[in-house]
Every structure is written in C-alpha cells, then in structure tokens.
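Coordinate inspection notes
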Amino acid sequence: MTFNDIFKSNFVEKVSSFSPLDMVIALAVSFALGLFIFYVYKKTFNGVMYSASFGVSLLAMTLITTLIILAVTSNVILSLGMVGALSIVRFRSAIKEPMDIAFLFWSISAGIVTGAGLIPLGVFGSLFIGVVMVLFVNKKTTDNPYILVVNCADEKAEKQVNSAISDSVKKHMVKSKAVTTSGIELTLEVRLKDSTTEFVNKISDIGGVTNTVLVSYNGEYMS
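If you look the chain up in an unreviewed UniProt entry, it shows as DUF4956 domain-containing protein from Ruminiclostridium papyrosolvens DSM 2782.

Set out below in structure tokens:
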C-alpha cells in the first residue's frame, strides 16, 4: 500500500473541482452587499442607541452565509451534515428594535442568493430593498404619538391641565392615572399640532403642576 493509497479519497478531487475564482467573486460581491446593508442600517437607524457592533455583524453575517452556501452547493452530503450542525445552534441575543430583524433577514438572504450564484438577483434586489428602506424608514410624519407625564398637586390643577392639553394638541387620551397622598400623576398619549412642544411649557406654568415630561415612543425626551 502506497502513500497515495492511504489518502485515496475524494478530498483532492473536491479541491480541484471547486473553483477558486467563483469563491473570490462570490465573497467579493457578498462583501460589497454587506457594506451596502451596513450603510443603509446606519443611515436609517432611528432607535435610542446606535450599535456599531450590530452593523458590523450584518456585514459578517452576509459573508458567513455566502461561505456556507458555497460549501453546501458543492456537495449534497455536506449540505445534509451542515443542516444537522446548524440545527443545534441557538441564538439568545434579544432584538431591541423591530427593524433590526429586517436587516438580519436581509443580510442572510443576500448571502444565500450570492452564494447560490444568483449575483444579479442579489445586487439588484439589495439595491431595491435599500432604496425602500431609505425612503420609508426616514420618512418624517407629524402624527407621531408622544407620552406626556404630568404631576398635579390637586384636582383643580388636574382640570386645568386637561383643559390646556385639549386646546394645545390635536388628539389626546389618558393612558393611566395614579392618585397618591403627594398628588396626582397623569400619563397621556398625545399627538402634536405642527410638531410644536411649546404647550409643555404652558402646562408647567400652571399652579399646582410639580413636574411635566414629554417623551416620544422611542424613548427620546422632548422637554
């Protein structure tokens, strides 16, 4: 038995049958798409705290998915083993922003399509998704809901606050009311008129109002 007989397997044949040029092209296109996804994510982020590491993970996920698909498409037996290996992986990181899920699926889809050799679909599809994201995610609206928290000393101050809010905002609704020995705390959902928050200053000047806070639904303090 010779040395060649010992290592007489399909390993060398697999190496020779795999095209390095296809791998380089797929990974290069995947890298470009990952950078594009990262740029769109950074451009359209509207959350409380931007995470640069999550943006980089989008790029890495696109490359990793492409690499996996390249391996899976080269061998049917390997694809079955890959499915079994990946089935035991569990991800427990919490997704804080709903849009982050869309970017994760976008990265995975771009990697799958590129690894499968459908490069035009991956490029034009990603460009279309990117344009849609930029147009709709960054679209400003004047009808955003805000949460207004007002602390009143007594019932008289509460009535004046409700009257001032009715005259100053487009729509409002009481979400909760807490009555304690120290006063009354009102939590209201309001929709602003002309995106102005000057009415908060007027409410703060009402006698008996001890504290006033206006906060948007994404956690940004407005006043």
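1. Things to note about the pattern of salt bridges
Per the counting criterion, the structure on display carries three salt bridges. With a shortest N-O distance of 3.6 Å, Glu 189 and Lys 175 are connected by a salt bridge. Of this pair, Glu 189 sits in strand β3 (residues 183-191) while Lys 175 sits in strand β2 (residues 171-180); the two residues are 14 residues apart in sequence, bridging distant segments of the chain. The buried category is assigned to Glu 189, whose relative accessible area is 13%. Lys 175 sits in the partly exposed class, given a relative accessible area of 46%.

2. What to know about the sheet that holds β3
If you walk across this open sheet you meet the four strands as β2-β3-β1-β4, and the pairing is antiparallel. Because the sheet does not close on itself, it has two edges, and the strands there are β2 and β4 (209-216). For this sheet the average axis-to-axis angle between neighbouring strands, irrespective of direction, equals 15°. Both strand β1 (residues 145-152) and β3 contribute to a ladder of eight bridges, which runs antiparallel. Note on β3: the bridge partner recorded for Asn 151 is Glu 185.

3. Some details on helix α8 (residues 155-168)
With 14 residues, α8 extends 20 Å from end C-alpha to end C-alpha; this agrees with the ideal 20 Å at 1.5 Å per step. Inspection of α8 places Ala 157, Glu 158, Val 161 and Ile 165 among the buried residues, and these make up the whole buried set. In an axial view of α8, the angular spread of the buried residues amounts to 100°, which keeps them on one side of the axis. Looking at α8, the residues exposed on the side facing more than 90 degrees away from the buried face are Glu 155, Lys 156, Lys 159 and Asp 167. Looking at the buried residues of α8, the elements they touch are β1, β2, β3, α9 (198-204) and β4. The distance from a side-chain oxygen at the start of α8 to the backbone nitrogen of Lys 156 is 3.4 Å, and the residue carrying that oxygen is Asp 154.

Cut-offs applied
- Residues numbered from 1 in each chain as written.
- Predicted model: local features only at pLDDT ≥ 70, side-chain atom pairs only at ≥ 80, totals over all residues.
- Heavy atoms only, no water.
- Salt bridge = Lys/Arg side-chain N within 4 Å of Asp/Glu carboxyl O.
- Helix = DSSP H or I, 4+ residues; strand = E, 2+ residues; numbered from the N terminus.
- Buried < 20%, exposed > 50% of the residue type's maximum accessible area, 1.4 Å probe, protein only.
- Pairing = 2+ DSSP bridges.
- Axes fitted to C-alpha atoms, helices over the stretch in contact; angles between N-to-C directions.
- Expected span 1.5 Å × (residues − 1).
- Arc of directions from axis to C-beta.
- Contact = heavy atoms within 4.5 Å.
- Polar contact = N/O pair within 3.5 Å; in protein donor to acceptor, adjacent residues only side chain to side chain.

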